[in-house]
Amino acid sequence: VTTFYTYPECAWAGQNLPKDPGSITWKWKSLNNQIASEFTSSQLMTIRNNQGQTITEIGGVAVVNEGITTIGEYIDVIRGQDWVKARIEEGLYQLFISNDKIPMDNTGIAQVEGVVRSVLKQAGNMGIIARATTDAELANSDDKEFMYKVSVPRREDLSTADRAARRLTGVSFVYWLAGAIHEAQVQGKITV
């Protein structure tokens with residue numbers, strides 16, 4: 001006798017959360033001991049229009065649909081953003097506690113920049129940040145491998161008030177998501 005659990009959301013989270021951010025999309029997942037939802041077409045449309053998730057049988061396999069949260073963003077994107085934010089915070093904390101002093105000069109600013117760049121490089125290797133392969137993409141790549149750019153001020157660009165308060169401002173970055181493919185459209189032609 002097969003037992004079907006009544007908490008598919010727990011099965012979904014339990015199956016996917018242990019995997020590294022950037023390594024997985026949450027769509028097309030078949031969950032252990034879970035069956036397709038029994039909703040009418042109208043109910044399914046209402047659920048999906050409100051960013052709800054269901055398990056649907058497609059081709060004889062019960063799979064989870066989109067993997068979008070109720071705020072309209074894919075779960076894997078949020079996990080990637082959270083991972084990057086947490087690792088930068090941890091890296092900066094480690095920088096501050098493992099050094100006697102980070103000077104308020106361009107060498108100290110470069111140390112902070114190094115933390116940000118290191119995390120973004122890791123995020124690229126994990127599949128969170130897109131790989132740069134074309135000339136246009138390489139233009140958006142500081143390291144000529146992954147699509148991210150980091151900007152830091154020079155000491156002379158900082159306000160006197162920020163320097164006096166020992167507050168480094170103006171450090172920023174942008175990255176382009178690797179994302180995932182959820183659908184593929186293929187066209188073919190047959191000739192004789």
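First, a word on scope: everything that follows refers to the structure included in this document.

Reading the values: rules and limits
- Per chain, residue numbering runs from 1 following the sequence as it is written.
- Given that this is a predicted model, residues contribute local features only at a pLDDT of at least 70 and side-chain atom pairs are listed and counted only at 80 or more, while totals for whole chains, interfaces and linings are drawn from all residues.
- Side-chain figures throughout are based on the complete set of non-hydrogen atoms in the structure, without hydrogens or water.
- Here a strand pair is declared whenever DSSP counts at least two bridges between the two strands.
- Numbering of helices and strands starts at the N terminus; helices are DSSP runs of H or I of at least 4 residues and strands are runs of E of at least 2.
- Stacked, tilted and edge-to-face are the three classes applied to pairs of Phe, Tyr and Trp rings, where Trp contributes its six-membered ring and a pair requires centres within 6.5 Å; stacked means planes under 30 degrees apart, edge-to-face means over 60, and tilted covers the rest.
- Think of it in three bands: with a 1.4 Å probe and only protein chains considered, a residue is buried below 20% of the maximum accessible area for its type, exposed above 50%, and partly exposed in between.
- Using protein atoms alone on a 1 Å grid, points that fit a 1.4 Å probe yet trap it form a cavity, whereas open point sets bounded by protein on both sides within 12 Å along at least five of seven lines form a pocket; residues with an atom within 4 Å of a point count as lining.
- Grid points are joined across faces, edges and corners, and a volume is the space filled by probe spheres set on the points.
- Think of it as three bins: nonpolar holds Ala, Val, Leu, Ile, Met, Phe, Trp, Tyr, Cys and Pro, charged holds Asp, Glu, Lys and Arg, and polar takes everything else, Gly as well.
- An axis is simply a line fitted to the C-alpha atoms; with a helix, the fit covers only the stretch in contact. Between two such axes, the angle follows the N-to-C directions and lies from 0 to 180 degrees.
- Note on convention: near helix rotated counterclockwise from far helix by under a right angle means a left-handed crossing. Clockwise means right-handed.
- Here a residue-residue contact requires only that any non-hydrogen atoms of the pair lie within 4.5 Å.
- For this analysis, a salt bridge means a side-chain nitrogen from Lys or Arg found within 4 Å of a carboxyl oxygen belonging to Asp or Glu.

1. Observations concerning the pairing of strand β2 (residues 61–64)
Thought 1: Pairing of strand β1 (residues 55–58) with β2, which is carried by four bridges, proceeds in the antiparallel orientation. What sits directly across from E57, in β2, is A62.
Thought 2: In this antiparallel pair of consecutive strands, β1 and β2, the connection spans two residues, and G59 shows a positive phi of 60°.

2. Side note on the packing of aromatic side chains
Thought 1: Considering all chains together, one arrives at two aromatic pairs under this definition.
Thought 2: Taking 6.2 Å as the distance between ring centres and 5° as the angle between the ring planes, the aromatic pair formed by F173 and Y175 counts as stacked.
Thought 3: Overall, the relative accessible area of 37% leaves F173 in the partly exposed class.

3. Side note on the layout of surface pockets
Thought 1: Taken as a whole, the largest pocket spans an internal volume of roughly 380 Å³.
Thought 2: Put simply, the parts of the chain that give the lining of the largest pocket at least two residues each are α3 (75–97) and α4 (106–126).
Thought 3: Of all the elements, α4 adds the most residues to the lining of the largest pocket, at four residues.
Thought 4: Considered class by class, the residues forming the lining of the largest pocket number 12 nonpolar, one polar and three charged.
Thought 5: Considered as a void within the structure, the second largest pocket measures approximately 150 Å³ in volume.

4. Examining the packing of α3 against α4
Thought 1: With their axes 9 Å apart at the nearest point, α3 and α4 run at an angle of 145° to one another. In the packing of α3 onto α4, the handedness of the crossing is right-handed. Contact with α3, carried on its side by W83, V84, R87, I88, G91, L92 and L95, involves Q111, V112, V115, V116, V119, L120, Q122, A123 and M126 of α4 and no other residues of that element.

5. Structural notes on the pattern of salt bridges
Side-chain pairs of opposite charge can arise whenever the charged atoms involved come near each other.
Thought 1: Under the counting rule described, the total for this entry stands at 12 salt bridges.
Thought 2: Three or more residues are tied together by salt bridges with common partners; here these are E113, R117, D142 and K149.

Limitation: the analysis is restricted to geometry and does not speak to function.
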